[in-house]
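An overview of the molecular structure
Next come the chains, spelled out residue by residue.
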Amino acid sequence: MMRGYRPTPVSNSTLSFCGTDNSSAYKVDNGLLNNGCFLDALGVVPHVFLLFSTFPILFIGWGSQSSKVHIHHSTWLHFPGHNLRWLLTTVLLFVLVCEIAEGIVSDGFNQSRHLHLYMPAGLGILAAVTSIVYYHNIETSNFPKLLIALLIYWTLAFITKTIKFVKYDDHGIGLRQLRFCITGLLALLYGLLLGVEVNVILRRRYMWFPYPTEVKPPDDLQDLGVRFQQPFVNLLSKSTYWWMNTFITSAHKRPIDLKTIGKLPISMRALTNYQRLRKAFDAQMEDGPVPLKGSRWIWRSLRQAFGRPLLLSITFRFMADLLGFAGPLCISGIVHHISSDNHSALPPVKLLGVHFISSEAFLANAYVLAVLLFLALLLQRTFLQASYYVAIETGIKLRGAIQTKIYNKIMRLCTSNMSMGDMTTAQICSLVARDTNHLMWFFFLCPNLWAMPVQIVIGVLLLYSLLGVSALIGATVIAVLAPLQYFVATRLSRAQKSTLEYTSERLKKTNELLRGIKLLKLYAWEHIFRSSVEETRRQELTNLRTFALYTSLSIFMNAAIPIAAVLTIFVVHVHVQSATDFDLSPAVAFGSLSLFHILVTPLFLLSSVLHSTVKALVSVQKLSEFLGSTEIETDQDPIVQTPANNNGNIKSVYALQLQAKLVNRKNKTKQDVNRNFEQHDQELTASAAQEEEVCIKIINGFFTWTQGCPTLTNIDIKVPFGQLTMIVGQVGCGKSSLLLAALGEMQKISGNITWNSLPKSDSEENVRAHYMSERQSHRKRGSVAYASQRPWLLNATVEENILFDMAPNEKRYKEVIEVCQLQPDIDTLPQGDQTVIGERVRHLGIILSGGQRQRISVARALYQQTNVVFLDDPFSALDIHLSDHLMHEGILKFLRQEKRTVVLVTHKLQYLPHADWIIAMRDGTVQTQGTLKDIQYAEPELFEQWRTLMNRQNKENSTELKRKSFRRAMYSRDTLSLATEDEDEAADITVSEVKDSSTSTDEDSLRAELRHRTTIPWSSFATYLRAAGMLLLPLLILSQLTKHSLMVAIDFWLAHWTSHVIAAQVESAERNCTITRDCEFSHSSYLQVFCVLCGLGIVLCLITSLAVEWTGLRVAKELHCSLLRIIVLAPMRLFETTPLGNILNRFSTDTNTIDQHIPATMECLSRSTLLCVSAVGVISYVTPVFLIALLPLAIACYFIQKYFRVASRDLQQLEDSTEMPLLSHYSQTIEGLTTIRAFRHEQKFKKKLLEHTDANNISSLFLTAANRWLEVRMEYVGAFVVLIAAVASITNALYSQVSAGLVGLGLTYALMVSNYLNWIVRNLADMEVQLGCVKRVSALIHTQPESYDGLMTPAQVPAGWPKYGEIQINNLSVRYDTSLKAVLRHVNAHIKPGQKVGICGRTGSGKSSFSLALFRMVDTFEGQILIDGIDIAKLPLQTLRSKFSIILQDPILFSGTIRFNLDPERKATDKMLWEALEIAQLMPVVKALPGGLDATVTEGGENFSQGQRQLFCLARAFVRKSSILIMDEATASIDMATESILQKVVMTAFADRTVVTIAHRVHTILGSDAVIVMKHGAIVEYDEPDVLLEQKDSVFSAFVRADK
């Protein structure tokens, strides 16, 4: 075979520069320039000059001392023409490689070796590499004067190549000779590089110019924090991500964090891209009015802002796709030329003493095709990864810009949009988290929309050239099946969407279950809610089965369509061609097979791209609707109020006003410069005098949350400057709404809101100007320190929550801490006031009580140096001592000293005498307003009602000293060591335990993490597979192995078949047969076997895909079922020590990963691995010598994947960890939007948003660069595999007579290695991250559950127990965990049947533990509790808890109906429910709702006020007719009037039942039959309240005195 290609054997003695077989090569009779060898030798001169001139500079280090600028990057700044120089040098290297190959092939026709044919080109390659390395060093050193060496080199090279080209043309050498074309290209390239060098001189002016151009580096290069170097490095480093080497390898030694990755370059930051997007939006608005509905204007803006880089990505993709066809063509050419035994190359032309070959002869060499295939693969993979990178970088920029745009819109949103359910926090967070990602991934896949049609057309044309009509039929099969695949993808998307709906519902129910787990356990309702979650999970699993089925079909079609298409093509091809046509050669078969692999890829991607496009269209539509939503009326320029100084010595408001009055009187005769004001001077002065004492004034105000009936009507109020204004009224009367209306948060139907502020100067002109500005803008206001009724905390430290971006002032900070009594709480936190808290940040196990959250919120308002303070019911979650201290020390002393205007909403009517102004609300309108004395005369009935509730108001002066002395005694040093939490001591123990163990635990976990960073969690993988069961697991493994074995068998049979076709062709040629029958070759037997193998392969593809998905489904079902069961049965200790968010993440993120992601990753990983193993096996079988080269390639792959996996896992975790604060910032902004706008902190929060967005984006960019780093290297390894396999196969075919069919098979599989090698590593890294979910879920499943069984069975419990409600406690000692100290010690008590017992004590005294012991919620390790004579330790836990009723301090409602919230067990009749509602004072409220008992309750009961939610909890307890009722500080969140009524109701409705009341306000238990006073876990007093009150030195008596 290829006899014409074999070089003539020569001895070493015949080796010379010009050869020894032709003396004419040395003749110079016609001149030196007419000698071919001399022309080649002349071309060596520039190369030798460059190598010798740059050697000392490159290797001695001339500029290492002073000329290099010391910066952290590996580049300084790019010289002019930087990218063009690199491109031209790359093309130059490619042409020089072709020149070497051409010289070697030409030399094969000579008798001796002619070094001049390829040695100069070799030196040219060395010189080109030297030139670019030299240039890089000069550029990084910023020393352009030394570029003179390159200028001389390009000049000499251009001259020598031009002389050579001209002489070739003179001797008649033309375009048919390849060397002529190569020489012309080299002359052109050297000329262009010379032009680039001259351009550098002209632009930088470093030679022949007196004043060189001074160039400063970009700002990014001067910023040491910018470590993302992709925009700054040279073209080679950009294309190969060489700059990532250090980053990737260092990740193996030290975990990657935000400090490691640094900051984003300026051009990639969210603010930069937001400004670009905003300009595009503004341009759209300038072109015409933007429609309120529709998304076309957004698409045009996105195209204008980010279209150019996307066009570059599409260009790269086109080039990659075109180069991708080189693989099949080269394989076809190699196999064709190997199989053509009688092939003879065109004879070369001998001119100038040397041989010249044509392009056809050059490309007829199989080795040349192998090298070209290798180079084409390198370029194709480089362009492909460049396209991916540019597209995903553009998508990340786009995501950051849109997220910033959404955030700016949030800052202007109407609060009513969210409060009335038109727009929820979840919807906005979904817009940020999902829809912006949809757009990002659309931009990533967008180049496919343009490249796929071109790829398909070219692929079909090439197939047609190989196979004729049968190729069109095969393409038709694919085209017909493609819509089916799109149909499957559409159904898959619908199934996923339907699954997502049930997943959201399940998470909602799970969230409610976890948040209310304490109540559910106390009421024995956990199994009801568990059943509800399981029912939703069953519906979710039904949709997951549909999802799994369509996923299986999609995987099946991806694998089966190529098999079906190839089968169809070969069947048609065999039957269409005549029996004597031997066209089915290995070259045709394997060339078409490789083309099919390329052609099928875009058709498979089509469904994904279309699906992504549809998602992007929907997301942009949602974005358009959001951007068009209602906004609040924004102020012009906010008034910057005069802040208080650090010492708190603010000038009195009245002093400033008095000064203004005096100035006005003194300067009455003064002429005003502005004549327009002079005529109104007297009028303005009088008006200012009337208004100047009013801070806020609302006239005839009507406000609403929606477009319907107004919430507030006929509001006429005024708030005086520098005084305390109290707003009072019953629950739901509109007190909080009035504050929000004043802040501009409600929709104003009519009326005026006027905010007055202090003049900054005492001049008459400023007073008038100030007043006129107020007349012009009634909504203008400054910063207001606002503490909402529902405390809003930042996900930040305690200190940051209080400072709220204000300048730290240690003295003021300590004063605020003392005023709010936060020091005891801070002392119990693990890191003190540096402990991270917040609504969603609970990773340290910190569970703050409502009182703690409330006081931190109030402390924030107090610390701010604003003139106006709004406090919305700040005492609702505080006990009497804390409320009293905050009122007197915080509001009456701290704020009054600073003369700040305070508006206080409260139910604490005992504080009314302290008010300077009172506003009484009733049913959404102002009932009355004025001073307390004014109201006494104007509304005597209302005043008398207040008077009865104000707890001995006339004795206030006499009790003040007692209160202070008692407070000093109460808050002694030993007491301050306890937690100031109002719930129970469980949180104290939780916090202290965390504090003691957090440091050591963190260190241990860090060491363990570093130890296991390089290992894959195979134990978790074993756990996953074990959950699949013993039936599916063997089926999965066996089907995978069988399928891939069959795939190899199909290709082997094709090689065997086509090789026999070639053999038959050779045999017929040798026989020279003329009779058709003698020359016939029967395809039937081969075709039958091929059809059977393909059919079995298709069946096995279906079985494998189903086995993978059904295995994943079985595992998902088992793990979630086990997780839910153990969580429901787990002790409360788990929920007190584990952050709720962590547990919820197991049910959300981790379960979703197990449900949907692990099966797909496992399938892709197994398929890629088995394909690569099959490929290596086939190549090794065809060419065993490949195994020698496999070892270094395998070592390279091992280290690449080793380093990549660690870096990839860190970057994925970093991306996830930076995404959570970003989404949390959105959610906390939405939840605290009113507070942020009240404080005027919009700009500060926008700045934080940009920081979070940039942190997330740089993590995504580094992850993208790391993925490209991996893929480029794996693709290059794959290209080397192809090169080695091709060279080894060609050599074997030439010398060992390996069949052409096996050569084609080996090369086809070598191309598969190139395609799938990086997928192994990528999927391995993904699987490693995803198995972490299995590990976390498995760890939680191993939690020890509560002991629900008892010594007695439910049947043995007497019917109607407990009938009397007698409680006997004997020597009881309990603790929260076996590792903790006792919280109750040797307690003895006897509560008689029907007795009303009150329990009081300081925080941490054991009150709540006493009640929890009755429910066996704590560990009883000593003593017993007898109820009606039965030891509760012997009862089944479910039975015990179902017999009692309890009302907790924090009201908990569940989404559903009112009926469900009152009676989840559905045992009560409507009459019983209405009776309970009537007792709880809720009947009028419920009757007014649509549906009555079936009225909807939103999640958490958000459609009811805090007090109403507590009343529903009271009604819930009344529904359960138990003989024992526990009230655990149940009246803390309701006003005093309602509380008084409820106390009477409890005494009457439960007259014959035992009631145990844990007192929040001591006066509420004065009517009890007995009082228990607890201290340090023991009972210190137990008697009737009258008896204890008579003892003046009793603890209870002191409590009562303090509560007055």
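Residues numbered from 1 in each chain as written. Predicted model: local features only at pLDDT ≥ 70, side-chain atom pairs only at ≥ 80, totals over all residues. Heavy atoms only, no water.

**As for the overall build of the chain**
What the chain contains, in helices and strands, is 54 helices and 25 strands. Counting over 1604 residues, the chain shows a buried share of 57%. For the chain, the share of sequence-separated contacts (at least 6 apart) that also reach a separation of at least 24 residues comes to 83%. For the chain, the exposed area adds up to about 67,000 Å²; of that, 58% sits on carbon and sulfur atoms. (Helix = DSSP H or I, 4+ residues; strand = E, 2+ residues; numbered from the N terminus. Buried < 20%, exposed > 50% of the residue type's maximum accessible area, 1.4 Å probe, protein only. Contact = heavy atoms within 4.5 Å. Areas by Shrake-Rupley, 256 points an atom, 1.4 Å probe, with all protein chains shown as cover.)

**Notes on the nonpolar core**
Ranked by internal contacts, the top residues of the largest apolar core, which has 258 residues, are Met244 and Ile1127. Excluding residues within four positions of it along the chain, Met244 makes contact with Phe1262, Ala1265, Ala1266 and Trp1269. In terms of nonpolar packing, the next biggest core, distinct from the first, is built from 127 residues, Ile428, Trp755, Phe875 and Trp917 among them. (Core = buried A, V, L, I, M, F, W, Y, C linked by side-chain atoms within 4.5 Å.)

**A word on the pairing of strand S25 (residues 1578-1583)**
Of the pairings in the sheet, the one linking strand S24 (residues 1570-1575) to S25 comprises five bridges and is antiparallel in character. Considered in S25, the bridge of Ile1572 is made with Tyr1582. Connecting S24 to the antiparallel partner S25 that follows it, the hairpin turn spans two residues, and His1576 within it adopts a positive phi of roughly 55 degrees. (Pairing = 2+ DSSP bridges.)

**Concerning the confidence of the model for the chain**
When the pLDDT values of the chain are averaged, the result is 78; 81% of them are 70 or greater. Counted against residues more than four places away or in other chains, residues 1-15, with its pLDDT under 50, gives 33 contacts. A low-confidence stretch, residues 62-75 (pLDDT under 50), is modelled with 28 contacts involving residues beyond four sequence positions or located in other chains. (pLDDT = per-residue confidence, 0-100.)

**Structural notes on the side chain of Gln864**
Residue placement: Gln864 occurs in the loop between helix H30 (850-863) and strand S10 (868-872). Within the structure, Gln864 has its side chain in polar contact with the backbone oxygen of Ile802 (distance 3.4 Å). (Polar contact = N/O pair within 3.5 Å; in protein donor to acceptor, adjacent residues only side chain to side chain.)

**Here's the deal with the environment of Thr546**
Assignment of secondary structure puts Thr546 in helix H20 (residues 526-576). On the basis of relative accessibility, which here comes to 32%, the residue Thr546 falls in the partly exposed class. Taking the C-alpha atoms as reference, Thr546 lies 9.1 Å from Thr499; in sequence the two are 47 residues apart.

**Observations concerning a negative patch on the surface**
Taken together, the side chains of Asp1569, Asp1583, Glu1584, Asp1586 and Glu1590 define an acidic patch exposed on the protein surface. Turning to its location among the elements, Glu1584 is positioned in the loop between S25 and helix H53 (1585-1590). (Patch = residues over 30% accessible without salt bridge, like charges linked within 9 Å, V, L, I, M, F, W, Y side chains within 5 Å. Salt bridge = Lys/Arg side-chain N within 4 Å of Asp/Glu carboxyl O. Lys, Arg positive; Asp, Glu negative; His and termini not counted. Charge placed at Lys NZ, Arg CZ, Asp CG, Glu CD.)

**What to know about the pattern of salt bridges**
As enumerated under the stated definition, the model contains 39 salt bridges in all. Between Glu393 and Lys397 there is a salt bridge, and its shortest N-O distance comes to 3.4 Å. With a gap of four residues between them, Glu393 and Lys397 both fall in helix H15 (residues 366-410), about one helical turn apart. Lys397 matches Glu393 in its accessibility class, with the two residues each being buried. Arg1441 serves as the salt-bridge partner of Glu1346, at 2.9 Å between the closest nitrogen and oxygen. Here the residue Glu1346 occupies a position in the loop between helix H45 (1300-1341) and strand S14 (1367-1375), and Arg1441 occupies one in helix H47 (residues 1437-1441), the gap between them amounting to 95 residues. Three or more residues are tied together by salt bridges with common partners; here these are Asp40, Glu99, Lys161 and Lys164.

**Focus: the packing of aromatic side chains**
This model, assessed by the stated rule, comprises 36 aromatic pairs. Relative to Phe1280, the ring of Phe374 has its centre 4.9 Å away and its plane inclined at 55 degrees; by these criteria the two rings are tilted. Note that Phe374 is positioned in helix H15 and Phe1280 in helix H44 (residues 1242-1295), a separation of 906 residues in sequence. Three or more aromatic residues joined by ring pairs make a cluster, and in this case those are Phe570, Trp1053, Trp1057, Tyr1086 and Phe1090. One cation-aromatic arrangement involves Lys1248 over Phe1245; the distance from NZ or CZ to the ring centre is 5.0 Å. (Phe/Tyr/Trp six-rings, centres within 6.5 Å; stacked < 30°, edge-to-face > 60°. Lys NZ or Arg CZ within 6 Å of the ring centre and 35° of its normal.)

**Here's the deal with H20**
A rise of 1.5 Å per residue sets the reference length of H20, with its 51 residues, at 75 Å; its end C-alpha atoms lie 72 Å apart and thus fit the reference within 8%. Of all the bends in H20, the greatest reaches close to 30 degrees and is centred on Ala560; the proline Pro562 follows between one and four positions later. (Expected span 1.5 Å × (residues − 1). Bend = angle between axes of the 7 residues up to and from the residue.)

**Side note on the packing of helix H12 (residues 296-324) against H15**
Contact geometry of H12 with H15 gives a least axis separation of 8 Å together with a crossing angle of 165 degrees. The angle between H12 and H15 falls in the class roughly antiparallel. Like other packed secondary-structure pairs, H12 and H15 cross with a definite hand, here left-handed. Partitioned by chemical class, the residues of the contact of H12 with H15 number 20 nonpolar, five polar and two charged. (Axes fitted to C-alpha atoms, helices over the stretch in contact; angles between N-to-C directions. Parallel < 35°, antiparallel > 145°, perpendicular 65-115°, else oblique. Left-handed = near helix turned anticlockwise from the far one by under 90°. Nonpolar A, V, L, I, M, F, W, Y, C, P; charged D, E, K, R; others polar.)

**As for the sheet that holds strand S18 (residues 1430-1431)**
A sheet is described by the order of its strands in space; here four strands give the open sequence S15-S14-S17-S18, paired in antiparallel fashion. Two strands close off the open sheet at either side, each with one partner strand: strand S15 (1382-1391) and S18. In this sheet, strand S17 (residues 1419-1427) lies alongside S14 in antiparallel orientation, the contact comprising seven bridges. In the sheet register, Ile1369 faces S17, and the bridge partner there is Ile1425.

**Overview of a nonpolar patch on the surface**
Taken together, the side chains of Tyr464, Val469, Leu472 and Ile473 define a hydrophobic patch exposed on the protein surface, amounting to about 340 Å² of accessible area. A per-element tally of the nonpolar patch places helix H18 (residues 469-515) first, with three residues. Considering the arrangement of structural elements, one finds Leu472 in helix H18. Leu472 gets classed as partly exposed once you look at its relative accessible area, which sits at 37%.

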